[in-house]
2 protein chains.
Amino acid sequence: MSARAQPTVKDLYFFNESNTSRDLLGGKGAGLAEMTAAGLPVPPGFTITTQACLQYYADGRVFPEGLIARVDAAVAELERRTGQRFGDPAAPLLVSVRSGARISMPGMMDTILNLGLNDETVLGLASLTGNERFAWDAYRRFVTMYATIVLDLDKDEFEELLDDRKRELGVSTDPELDAASWKMLVDRYKAIVRERSGRDFPQDVHEQLHLAIRAVFDSWNSKRAIDYRRFNRISDDLGTAVSVVQMVFGNMGEDSGTGVAFTRDPNTGERVLFGEYLHNAQGEDVVAGIRTPERIADLESSMPTIYRQFVEIAQRLERHYRDVQDLEFTVERGKLYMLQARSAKRSAEAAVRIALDLVEEGMIDRRTALGRVDASALDHLFHARIDPAEQFEVACKGLNASPGAAAGRVVFSADDAVAWSQRGEDVVLVRVETTPDDVHGMIAARGVLTAKGGATSHAAVVARGMGKPCVAGCEALQIDRRTKHATINGVPIKEGDWITIDGTTGAVAIGRLQLIPPPATLPERLATLLSWADDERRMQIWANADTPEDARKARAFGAEGIGLCRTEHMFMQQDRLPVVQEMILANTPEARASALTRLLPFQREDFVGILEAMAGLPVTIRLLDPPLHEFLPSLETLLVETTELRLTKGIESPEYKRSDTVLKRVQQLHEQNPMLGLRVCRLGILYPEIYAMQVRAIFEAACDLVKRGVDVRPEVMIPGVGSAREMRITYDNAKSVADEVLKERGVTLSYHIGTMVELPRACVVADDLVLHGAEFFSFGTNDLTQTTYGFSRDDAENSFIPRYLEQRILTDDPFQILDRKGVGWLMHEAVQRGRSVQPDLKIGICGEHGGEPSSVAFCEQLKLDYVSCSPYRVPIARLAAAQAAIGALE
Amino acid sequence: MSARAQPTVKDLYFFNESNTSRDLLGGKGAGLAEMTAAGLPVPPGFTITTQACLQYYADGRVFPEGLIARVDAAVAELERRTGQRFGDPAAPLLVSVRSGARISMPGMMDTILNLGLNDETVLGLASLTGNERFAWDAYRRFVTMYATIVLDLDKDEFEELLDDRKRELGVSTDPELDAASWKMLVDRYKAIVRERSGRDFPQDVHEQLHLAIRAVFDSWNSKRAIDYRRFNRISDDLGTAVSVVQMVFGNMGEDSGTGVAFTRDPNTGERVLFGEYLHNAQGEDVVAGIRTPERIADLESSMPTIYRQFVEIAQRLERHYRDVQDLEFTVERGKLYMLQARSAKRSAEAAVRIALDLVEEGMIDRRTALGRVDASALDHLFHARIDPAEQFEVACKGLNASPGAAAGRVVFSADDAVAWSQRGEDVVLVRVETTPDDVHGMIAARGVLTAKGGATSHAAVVARGMGKPCVAGCEALQIDRRTKHATINGVPIKEGDWITIDGTTGAVAIGRLQLIPPPATLPERLATLLSWADDERRMQIWANADTPEDARKARAFGAEGIGLCRTEHMFMQQDRLPVVQEMILANTPEARASALTRLLPFQREDFVGILEAMAGLPVTIRLLDPPLHEFLPSLETLLVETTELRLTKGIESPEYKRSDTVLKRVQQLHEQNPMLGLRVCRLGILYPEIYAMQVRAIFEAACDLVKRGVDVRPEVMIPGVGSAREMRITYDNAKSVADEVLKERGVTLSYHIGTMVELPRACVVADDLVLHGAEFFSFGTNDLTQTTYGFSRDDAENSFIPRYLEQRILTDDPFQILDRKGVGWLMHEAVQRGRSVQPDLKIGICGEHGGEPSSVAFCEQLKLDYVSCSPYRVPIARLAAAQAAIGALE
């Protein structure tokens, strides 16, 4: 290496320098260095650090000072080690230039092979290998990669020329092409490069290398890489390393080849070597699927020595890394070279099985095993999926934008989605992309399929918010909305045809596939893993459930209490809604009281069911929360209907009068901003009889159960308290009704009354709330997020949040992933204040964030007592809470 | 005094014990003690402390242990000093029992006179005074007070019996009644007491005293006292003291009498003794207005010795207290007794004049003078008022619920208010009370008059919020809504009649009185006082103004900058609205750009006007803030109109199609919660061309003015920023347009770009906002209050806030008076964080709180740089800022 222009921080390492830092060298560079250190057969090379990449961006896409000189010096060193010379017409050194970030992003960034070939060295390679065809093929490949990656030209044009040539010769596969054909194609490709870029394909091999390094750096910020990071919550601040590796060739004859392999099955987790090998091919041929590769196991017979060596290396690497490895290797003229070793991506099922097996094999301990399973990925296990027994063809693949599978008839507009679904049909809404105008159609559909848009597109964000399957950005899909027709890779589809989408994998299939609903109990291996999690976690896991069925499901999944039982859903049920409306529309206190009296038995019955289902565990029942007009007919519909009746029946008709009366009352209750209006405890203060009825129903239910010997633990939660006086009044009212019922029935029962902390003011006066009655806190982070940001979720998630995510104003949707800096800081304040006056104050979270791993980790930092989430997210929360407790999740 | 049952804290003091603590003895008790100490003629007596009152409430309305014994002992001491005996049939000691809190609450609490009279002592009083008529009249008065105050019976019944008696005798005034009549009335009154309370009027004089003390304690929490404290922001925790004073009688003949006097004119502040004297009368007769009293100055001729003595005492007291005194005195058989001395209530004009005069007279210094004027009261000077030249009869008086005078035609329903005002008529809405259903009528009316309700009634709260005059709780008003008629004290009024109300005084007059609009410049004396204030205050005073006229007005009142210039009001103007609508409804970016191009000259012209008016001073211009649909027709109206067109013209008619197109777009823009929707900087990020146009208009205007030699200081304010990225993007966009314009025009100009801090999240990431561009902060406390509390002002002030104030869940409307505990704490956080990264960060407030004294005082505590308020509140803010700076306002 040259001594000049040494940077303050070393930004280039040879594989044998024993630096194996993933942060600095990326996964690929670190893996190559580690394998080199372990004495495994790795071609020589060096890695330019992620730090250099970050510096490159910090300086406005300019190489750090002296980097080029250091690269050139490193190449000289490589020449010394390999005995080949870069650009030597006789024995040319060829290299690959590979990307690699700290966190693996398979296929998202660029790699360039065969670099160092030019019009002269190609001849040297031909004579050196004695294989002119191979040399020109290699050169052809390099020119193609250069054109598509460095110049960003369209690959199709090159493919078409190749196809043309095959047609000319009447052949159908690449191997059938001879040296002359490849040579001719190289000429044609170079002509395209000249034409499109205005300059010749560079013959200077150093210039080739410098351009390639720049292209790899640039690929860190390609759209697909950014989208991938966004979707996988990978920071933009990592940067990519660039490894420059001496080329080895798998396409130098039948004693050569290339393969990829996993040390265990990444789909099932089974302990078998899993992978593919292609004779006489380069790595890209495996991916391109030009020939069908053989299974890795078949190597045992075809290349027994290589196979044994590889198996031994694979096992050694798995033991070394104590995890399943994803390996790439090449055999050049009978010699095995390892090109990559990294921890393997795996399915959720596989992750669980592998974690358990590695513990059993003594490779890792239980805590490590807990850290090996991505809690979020468990979500996939609890969505509908396509029956594995189904034999089907994937018509196309898009982005797995919102998990779960859905089957339905194709519709091409939101209005059609509503119309078909109102006829009782399952539909899948198929659009080029969705906009806020399509939301009613998304609500009506079982799933959404779009041709355009990424993980933060409107369709993706809104579907995730709704918990509906979505496959987005499916480029093979062409839609003609006017004629209500589409094609997928040329296959025609019309409105009403069945289609099946899998938002977990991104797969789309034409026809109606059998779906498997989510499991009602935990799979056995997962149950074992979660039992280990239970040993480690500090927080309890509760569930949000409004019905006995949901409560039972939650309990089966391990919930230790109900953190949020919403009573308004009970009000919405069809047999009750008319009585609820009567209560709201009541003109006199007597009429209101009468309606409430009739609602009481319904509510009591609701509470009997859920308290019984959760016998022995706490059930937190939230008193009525939404604005009253949510229970009334839509103002817009009423306006139209009343106007129609006025014009058709006249203002004296009873129909008009009836409609007008309801309209007037609905207008009266109408609010500009109902989210900030007469709701939560304000309802309970202005209409104390409503809360009184609800509290009575809770305690009558509890008393009935106690008399039947059931252990009930009701907790009454007052929503939306923002001041000490609200707390005092609602607490006292609730307590007096509760105690009255207990006295009437002669029952003794321990219970608590607390509040949902969901307003910024509640957080900053939290100590006051405790002093004025609150016996527990439960963070309502959905509403707290709304007021902290000043975002109405209903409005924002359909309009500006997708745009904010695209523009990276928000790194995450704060309604999906808790905003630690803003909302989290207020929560921290509330915890500190609440516990300053009552150190053992029970505090939980019952917003939707309670089932999201990163948010769960934050709750652990806040030292909450429990997180509460939807039943299917209880397993995720159990694992995430354990990971947070052992420091494996931050 | 008895030695037994001595409390740990002494809770009873004789006037001559030299304790003059107002906190402990109340204003009245302290005044009596102080006058006694000064050797002035004060009847002997003692005061039970406010502490005893608080203890009484703390113990659940039970007298503190031993208090009764201590009172009885004190009475015995009083007997010793006066030589009279309590309950002595021969020479009875009579006392008055008077209330008195630390802060004067005139007329709000109870006083009982002539206590100690019973069926026996009345005879003793008669023989002792040789005046049987006087004795029975005194007894009659006492029984009436006892019945109405202790037993809470209706005074009317007693008055009716009195009237009956006069009718029987064919006389019309009290003095015409003889001893027998009073004696008969006493019998009848005692019969009512027996009938209503189920027990006889108490003959035991000690029992009388104990009951009276209890009644005074209880009157601290009477509804009117609570309402008064609420309205005047007096704490509920002070309690009242009770003074027991030997009775002196002004009604013992022509050498007796009673008077009230102010040492200066409390209306104008003029330095003349001001007051009234009534010969041969008790104090209550002056108040009752039974006979016309003479002017205090007339005493000089009728009772020269008394007059000289009184003048000397008055001057001595004014010098002693260094303030204008409100004095009560009685002359008993030629001897002067002082019964009260307290600082006088005064009008705003008088307060200013007196403060100035006292400084000139060397009695107080300027700082003290500043503390003598209630900043809030200055508000009255800047509302319309009834022309003092008008000679008119006050038809009735109600509560002065919202200041200012209004004249208009009477309407009895909100719908009528709208209908009449749409015909161009000024109307006053007259209602028994208002509800949220009346708000549209309140908006349409010039003022509001109600028969029921206090200072926290719906009418009062909403009218204050709107800045409209309101007289509430006018009990003389009877309304028959069906026939659209009313009577005021029996005078009939019908719909369409003119009426004038004065919300500053509570007066109502029938007919149309001439009103004087608020002054355009500062009155001279106020200007002097405010110039002293300017020497003391630390904070600057800026104004909120959207027009050049408002800016000029603000400047005339002393504004040192514009803190908030709202650009949306410019969008609302009639000639621009169609272009704004075109911009919003645009289907293409080109159409939007075209509309914006046409708006640019309008905006530029707006900014030229305001920047020129404020030459040399900063003008903070807020970019577009409200949701776009605020500029479009109402969705409700459109729904009705479109339905009508569909049914009358058909769906093929151009009218229907046009209406339907607009409807669809309005529906598309419609939001569930526009306050939390696509507004503030979100608009500027999603439609950057809007903000770009506005910034261009600002800087084109600035450049034009600079070229004309005008010193312009534009400050661009980005509304509703909640995250660092929003700040960065909007800052960079605004800066690049601004610099582009300056470059185009070749102008150099210093300007700033900052943000309106109006979201809880902005407060807790305030340091980030500074790091990402914000060059100043301005608290938008209206919106910050909305999100911190989760209250939509539009909805809350018409619905639950009035109820919350009534139920004392809120002590103040947080939209009127800054909520220090919640909102204020977030502000504090923002200030700390902002200045942690930029110590000299300029921070102001531009919410409506900026003109409210208590909120201004809080801003001083936060060390803000300026407060910004509406032009008419600039004088208030100047004074309040000075008071806060010198510690006279907290």
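1. Focus on the overall build of chain A
Item 1. Within chain A, the regular secondary structure consists of 35 helices and 31 strands.
Item 2. For 890 residues, the compact-globule estimate of 2.2 N^0.38 gives 29 Å, and chain A sits close to it at 32 Å.
Item 3. Looking at chain A as a whole, 59% of its 890 residues qualify as buried.
Item 4. Considering only contacts within chain A whose residues lie at least 6 apart along the sequence, 68% involve residues at least 24 apart.
Item 5. Roughly 34,300 Å² of accessible area belongs to chain A as shown, and the carbon and sulfur atoms make up 48% of that amount.

2. Observations regarding the relation of the copies chain A and chain B
Item 1. Mapping chain A onto chain B leaves a residual RMSD of 0.4 Å; the transformation is a rotation of 180 degrees accompanied by 0.1 Å of translation along its axis. With respect to symmetry, the two chain copies, as superposed, fit the operation of a two-fold axis.
Item 2. A share of 100% of interface residues in chain A that are also interface residues in chain B marks the association as one of identical surfaces.

3. Digging into the packing of helix α4 (residues 121-129) of chain A against helix α5 (residues 132-150) of chain A
Residues and elements named next belong to chain A.
Item 1. Contact geometry for α4 and α5: axes closest at 7 Å, N-to-C directions at 145 degrees. The handedness of the crossing between α4 and α5 is right-handed. In contact with Val122, Leu123, Leu125, Ala126 and Thr129 of α4, α5 contributes Glu132, Phe134, Ala135, Trp136, Ala138 and Tyr139.
Item 2. Its residues assigned to classes, the contact of α4 with α5 shows nine nonpolar, one polar and one charged.

4. Looking at the sheet that holds strand β22 (residues 507-510) of chain A
Residues and elements named next belong to chain A.
Item 1. One open sheet holds the eight strands; their spatial order is β12-β22-β21-β14-β15-β16-β17-β13, and the pairing between them is mixed. In the strand order of this sheet, the two ends are held by β12 (396-397) and β13 (399-402), each with one partner.
Item 2. In terms of strand pairing, strand β14 (residues 405-411) meets strand β15 (residues 427-431) through three bridges, oriented parallel. Residue pairing in the sheet places arginine 409 in a bridge with valine 427 of β15.
Item 3. Sheet contacts for helix α15 (residues 414-422): β14 and β15; angle to β15, the most-contacted strand, approximately 170 degrees.

5. Details of the sheet that holds strand β29 (residues 776-779) of chain A
What links the strands of a sheet is backbone hydrogen bonding, and the strands pair in either a parallel or an antiparallel sense.
All names here are of chain A.
Item 1. An order of β24-β25-β26-β27-β28-β29-β30-β31 is seen for the eight strands of this closed barrel, with the pairing classed as parallel. When the angles between neighbouring strand axes are averaged without regard to direction, this sheet yields 30 degrees.
Item 2. Pairing of strand β26 (residues 618-622) with strand β27 (residues 713-718), which is carried by five bridges, proceeds in the parallel orientation. Across the sheet, the residue bridging to arginine 622 is methionine 717, located in β27.
Item 3. Along the sheet, helix α27 (residues 724-745) makes contact with β27 and β28 (752-757), crossing β28 at roughly 145 degrees.

6. Side note on the environment of Leu378(B)
Residues and elements named next belong to chain B.
Item 1. Tracing the chain through its elements places leucine 378 in the loop between α14 (366-371) and β11 (385-386).
Item 2. Along the primary structure leucine 378 and alanine 351 are separated by 27 residues, whereas in three dimensions their C-alpha atoms are 9.4 Å apart.
Item 3. Excluding residues that lie within four positions of it along the chain, leucine 378 makes contacts with Ala348, Val352, Val373, Leu526, Pro875, Ile876 and Leu879.

7. Here we look at the nonpolar core
Item 1. One finds Leu529(A), Phe699(A), Phe779(A), Leu529(B), Phe699(B) and Phe779(B) to be the most contacted residues of the largest nonpolar core, which totals 305 residues.
Item 2. When near neighbours in sequence (up to four residues on either side) are disregarded, Phe699(B) contacts Pro714(B), Val716(B), Ala738(B), Val741(B), Leu742(B), Leu749(B) and Tyr751(B).

8. Some details on the pattern of salt bridges
Oppositely charged side chains may form a pair once their charged atoms are brought near each other.
Item 1. In total, this model carries 147 salt bridges over all chains according to the counting rule given.
Item 2. Note that Arg194(B) and Asp200(B) form a salt bridge whose closest N and O atoms lie 3.0 Å from each other.
Item 3. Each member of the salt-bridge network shares a partner with another, and the members are Arg604(A), Arg696(A), Glu700(A), Asp704(A), Glu740(A), Glu744(A) and Arg745(A).

9. Description of the interface of chain A and chain B
Item 1. Each partner contributes to the interface: chain A provides 56 residues, whereas chain B provides 56 residues.
Item 2. The contact between chain A and chain B buries some 5,200 Å² in all, and 58% of this surface belongs to carbon and sulfur atoms.
Item 3. For chain A, the biggest contributors to the area lost against chain B are Asn673(A), Leu676(A) and Arg761(A); these three give 13% of the whole.
Item 4. Along the contact surface separating chain A from chain B lie six salt bridges.
Item 5. In this structure, Asp819(A) and Arg761(B) form a salt bridge, with 2.7 Å as the shortest nitrogen-oxygen distance.

10. What about the confidence of the model for chain A?
All names here are of chain A.
Item 1. Of the residues in chain A, 98% reach a pLDDT of 70 or more, and the chain-wide mean stands at 92.
Item 2. Below a pLDDT of 50 lies the segment residues 1-5, which in the model reaches six contacts outside its immediate sequence neighbourhood of four places, other chains included.
Item 3. Complex prediction metrics read pTM 0.86 and ipTM 0.84.

11. A look at unusual backbone geometry
Residue and element names in this part refer to chain B.
Item 1. We note that aspartate 152 has phi near 60 degrees; this positive angle belongs to a residue other than glycine.
Item 2. The residue aspartate 152 is located in the loop between α5 (132-150) and α6 (155-169) in this model.
Item 3. The phi dihedral of arginine 322 falls on the positive side, at around 55 degrees, and the residue is not glycine.
Item 4. Its relative accessible area of 45% is what places arginine 322 among the partly exposed residues.

12. Overview of the packing of helix α22 (residues 589-613) of chain A against helix α26 (residues 688-707) of chain A
Residue and element names in this part refer to chain A.
Item 1. Contact geometry of α22 with α26 gives a least axis separation of 8 Å together with a crossing angle of 40 degrees. By the angle between their axes, α22 is oblique relative to α26. In the crossing of α22 with α26, the sense of the turn from one axis to the other is right-handed. Residues Arg592, Leu596, Leu599, Leu600, Gln603, Arg604, Phe607, Val608, Leu611 and Glu612 of α22 pack against Glu689, Ile690, Met693, Gln694, Arg696, Ala697, Ile698, Glu700, Ala701, Ala702, Asp704 and Leu705 of α26.

13. A few points about the packing of aromatic side chains
Residues and elements named next belong to chain B.
Item 1. Counted according to the given criterion, the structure contains 49 aromatic pairs over all chains.
Item 2. With 3.8 Å between their ring centres and 10 degrees between their planes, tryptophan 542 and tyrosine 866 make a pair best called stacked. Of this pair, tryptophan 542 sits in strand β24 (residues 540-544) while tyrosine 866 sits in strand β31 (residues 866-869), placing them 324 residues apart in sequence.
Item 3. For tryptophan 542, a relative accessible area of 2% translates into the label buried.
Item 4. Residues phenylalanine 571 and phenylalanine 631 carry aromatic rings whose centres are separated by 5.7 Å and whose planes lie at 50 degrees to one another, so their mutual orientation is tilted. A residue pair is termed long-range when its members are at least 10 positions apart, and phenylalanine 571 in helix α20 (residues 568-572) and phenylalanine 631 in the loop between β26 (618-622) and α23 (635-648) qualify at 60 residues.

14. Structural notes on helix α23 (residues 635-649) of chain A
Item 1. Under the 1.5 Å per step criterion, the end-to-end length of α23(A) is 20 Å for 15 residues, consistent within 8% with the ideal 21 Å.
Item 2. By the burial criterion, the buried members of α23(A) are Leu635(A), Leu638(A), Leu639(A), Val640(A), Thr642(A), Thr643(A) and Leu645(A).
Item 3. Check the buried side of α23(A) and you find it contacts α24 (654-669) of chain A together with α23 of chain B.
Item 4. Count one or two residues on from α23(A) and you reach Gly650(A), which has phi positive near 95 degrees.

15. Structural notes on the pairing of strand β6 (residues 257-262) of chain A
Sheet faces and side chains relate simply in a regular strand, where the side chains alternate between the two faces.
Residues and elements named next belong to chain A.
Item 1. Judged by how many residues are buried, β6 sits mostly within the fold: five of six residues are covered.
Item 2. Two strands pair when backbone bridges link them, and β6 and strand β7 (residues 274-279) are joined in this way by six bridges, in the antiparallel orientation. Bridge assignment links valine 260 to a residue of β7, and that residue is glutamate 276.
Item 3. Of the strand pairs in this sheet, β6 and strand β9 (residues 325-332) are connected by six bridges, and their pairing is antiparallel. For threonine 258, the partnering residue across the bridge sits in β9 and is threonine 330.

What counts, and at which threshold
- Residues numbered from 1 in each chain as written.
- Chains lettered and ligands numbered in written order.
- Predicted model: local features only at pLDDT ≥ 70, side-chain atom pairs only at ≥ 80, totals over all residues.
- Heavy atoms only, no water.
- Helix = DSSP H or I, 4+ residues; strand = E, 2+ residues; numbered from the N terminus.
- Rg over C-alpha atoms; globule rule 2.2 N^0.38 Å.
- Buried < 20%, exposed > 50% of the residue type's maximum accessible area, 1.4 Å probe, protein only.
- Contact = heavy atoms within 4.5 Å.
- Areas by Shrake-Rupley, 256 points an atom, 1.4 Å probe, with all protein chains shown as cover.
- Least-squares fit on C-alpha atoms with pLDDT ≥ 70 in both.
- Axes fitted to C-alpha atoms, helices over the stretch in contact; angles between N-to-C directions.
- Left-handed = near helix turned anticlockwise from the far one by under 90°.
- Nonpolar A, V, L, I, M, F, W, Y, C, P; charged D, E, K, R; others polar.
- Pairing = 2+ DSSP bridges.
- Core = buried A, V, L, I, M, F, W, Y, C linked by side-chain atoms within 4.5 Å.
- Salt bridge = Lys/Arg side-chain N within 4 Å of Asp/Glu carboxyl O.
- Buried area = accessible area lost by both parts, 1.4 Å probe.
- pLDDT = per-residue confidence, 0-100.
- Parallel < 35°, antiparallel > 145°, perpendicular 65-115°, else oblique.
- Phe/Tyr/Trp six-rings, centres within 6.5 Å; stacked < 30°, edge-to-face > 60°.
- Expected span 1.5 Å × (residues − 1).

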